[in-house]
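An overview of the molecular structure
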Amino acid sequence: MCQYKFKQSWRWFGPDDVVSLSDVRQAGATNVVHALHHIPNGEVWPVEEIKERQKLIDQAGLHWLVVESVPVHENIKLRKGNYKQLIKNYQETIRNLAAAGIHNITYNFMPVLDWTRTDLSYQLPHRGKALRFHLVAYHAFLLYELELPGTGLTEDQKTVALRFYEQLDEASKTELTNTILAGLPGSEERWDIDSFRKKLWEYENTGPDELRANLIAFLKEIVPVVEDCGSTLSLHPDDPPFALFNLPRVASTLEDYQKLIEAVPSPVNGMCFCSGSLGARKDNDLEAIIRLLGKHIHFVHLRSVQLEDDGSFYEANHLEGSNSMYHLVKLFVELMQKHQISIPMRPDHGHQLLDDLKKKTNPGYSGIGRLKGLAELRGLEYGLSH
Ligand code: DNO
């Protein structure tokens, strides 16, 4: 039997989460992935508050293993305004987390929006619900709600989007806007059409090269602190891993990550391997990413997406979808033995199923769907490592 195994983890959003800490234990996870969401983006997380939350998690018989995320303020991404102070605050938060014994830090560098979907209750044939990114709905929102030019869209795509938009009633239009702008679980920002438009203008002169330079400059200031603390940094991929609203993306592909690691070469400068995010792009070879980035993967999110012909996708069962979960987990089992490490892994998202269909759940983060995902993934790993 293999000695090194995934550290089974579960994202918990705090005391208001409908999924309680005892639910987390019942689901079979031993570690918690968590963030102090109540602290405004950019402020230092005080040691006392970290420890207080940690105590709550300990008392439930669990361990706060990973922080997801220490959010990166927009001013750091754009290197403007008070960004220097914000970076100092970020460094202090990393030190404070280490003082409490929390060393695995995840972050993302997606401008303006965190992850994006267009449908939070896509009906599956069995009547459970999944999250979906429907490209046509996104185009319709871009062209007819935001009223932005669809640069790069073909006439055909515009016509299809218009037809889709015309058949939506007012309530569905509002729902689409809220789904895209109101912030999915874990996002720190919420927008309305006007504030979002204004925010997009701020990125007018920031393309991928500029954003990447800003990320590298940020890493150069953060990585030495992370090294000193004996911690690791895991950059979550863009979700989805292609440009939306003309905003730059710099964590979508293997090459993106290689550039960042080359620019700031440290073992702590790493990746959160999210199979669902990376897998939403056909030309991402997920197995090659595991093989080539290996030691830089400090955290793993496992879920599957089913790609559709036009670039849309929906979240599939954890063991199904367009990528082979069998091969991904097998590579991780081998990687962990080779490097003699156990990597934290959480089942990412889950379908809304059974009793959860009657509850108001956090999109993607309902209890039963993730319990099912974790059970399947645990079984797969168990089989592969015996
Ligand atoms: C999907 C989400 C998140 C989210 C993180 C980024 O991909 O469930 O993991 O993007 O908050 O750090």
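The preceding data block contains the structure.
It should be emphasised that the depicted structure is a prediction, and the values quoted were computed from it without experimental measurement.

**Brief notes about the packing of aromatic side chains**
Considering all chains together, one arrives at 15 aromatic pairs under this definition. Look at Phe133 and Tyr138: their rings are 5.9 Å apart centre to centre, the planes differ by 35°, and that puts the pair in the tilted class. Classification of Tyr138 by relative accessible area gives buried; the value is 7%. On the numbers, 5.8 Å between centres and 65° between planes, the contact of Phe133 with Phe242 is edge-to-face. With a gap of 109 residues between them, Phe133 in strand β6 (residues 129–133) and Phe242 in the loop between β7 (232–235) and α10 (254–263) connect regions that are remote in the sequence. The class of Phe133 is buried, set by a relative accessible area of 0%. An aromatic cluster of at least three residues, connected via ring pairs, comprises Phe133, Tyr138, Phe141, Phe196, Phe242, Phe245 and Phe313. Arg132 extends its terminal NZ or CZ atom over the ring of Tyr122, reaching a point 4.9 Å from the ring centre.

**Some points on the layout of surface pockets**
The calculated volume of the largest pocket comes to roughly 890 Å³. A breakdown of the residues in the lining of the largest pocket according to their chemical character gives 12 nonpolar, 15 polar and nine charged. Computed from the structure, the second largest pocket encloses a volume of approximately 490 Å³. Elements supplying a minimum of two residues to the lining of the second largest pocket: α5 (135–145) and α8 (193–202). Among the elements that line the lining of the second largest pocket, the one with the most residues is α5, at four residues. In terms of residue class, the lining of the second largest pocket is built from 14 nonpolar, six polar and two charged.

**Overview of the site of the ligand**
Ser69, Asp114, Asp239, His349 and Tyr365 are the nearest of the 15 residues found near the ligand. One nitrogen or oxygen atom from the side chain of Asp239 is found 2.6 Å from an oxygen atom belonging to the ligand. With respect to the ligand, the side chain of Arg346 contributes an N or O atom lying 3.3 Å from an oxygen atom. Of the residues in the shell around the ligand, the class split is two nonpolar, six polar and seven charged.

**Comments concerning the packing of helix α2 (residues 47–59) against helix α4 (residues 83–99)**
Their axes nearest at 9 Å, the elements α2 and α4 cross at an angle of 45°. By the angle between their directions, the pair α2 and α4 is classed as oblique. Seen along the crossing, α2 lies across α4 with a hand that is right-handed. Residues Val47, Ile50 and Lys51 of α2 form the contact with α4, whose own contacting residues are Asn96, Leu97 and Ala99. Per-class residue counts for the contact of α2 with α4 are four nonpolar, one polar and one charged.

Parameters at a glance
Residues numbered from 1 in each chain as written. Predicted model: local features only at pLDDT ≥ 70, side-chain atom pairs only at ≥ 80, totals over all residues. Heavy atoms only, no water. Phe/Tyr/Trp six-rings, centres within 6.5 Å; stacked < 30°, edge-to-face > 60°. Buried < 20%, exposed > 50% of the residue type's maximum accessible area, 1.4 Å probe, protein only. Helix = DSSP H or I, 4+ residues; strand = E, 2+ residues; numbered from the N terminus. Lys NZ or Arg CZ within 6 Å of the ring centre and 35° of its normal. 1 Å grid on protein atoms, 1.4 Å probe; cavity = no way out; pocket = protein on both sides within 12 Å on 5 of 7 lines; lining within 4 Å. Points joined across faces, edges and corners; volume = space filled by probe spheres on them. Nonpolar A, V, L, I, M, F, W, Y, C, P; charged D, E, K, R; others polar. Near = heavy atom within 4 Å. Polar contact = N/O pair within 3.5 Å; in protein donor to acceptor, adjacent residues only side chain to side chain. Axes fitted to C-alpha atoms, helices over the stretch in contact; angles between N-to-C directions. Parallel < 35°, antiparallel > 145°, perpendicular 65-115°, else oblique. Left-handed = near helix turned anticlockwise from the far one by under 90°. Contact = heavy atoms within 4.5 Å.

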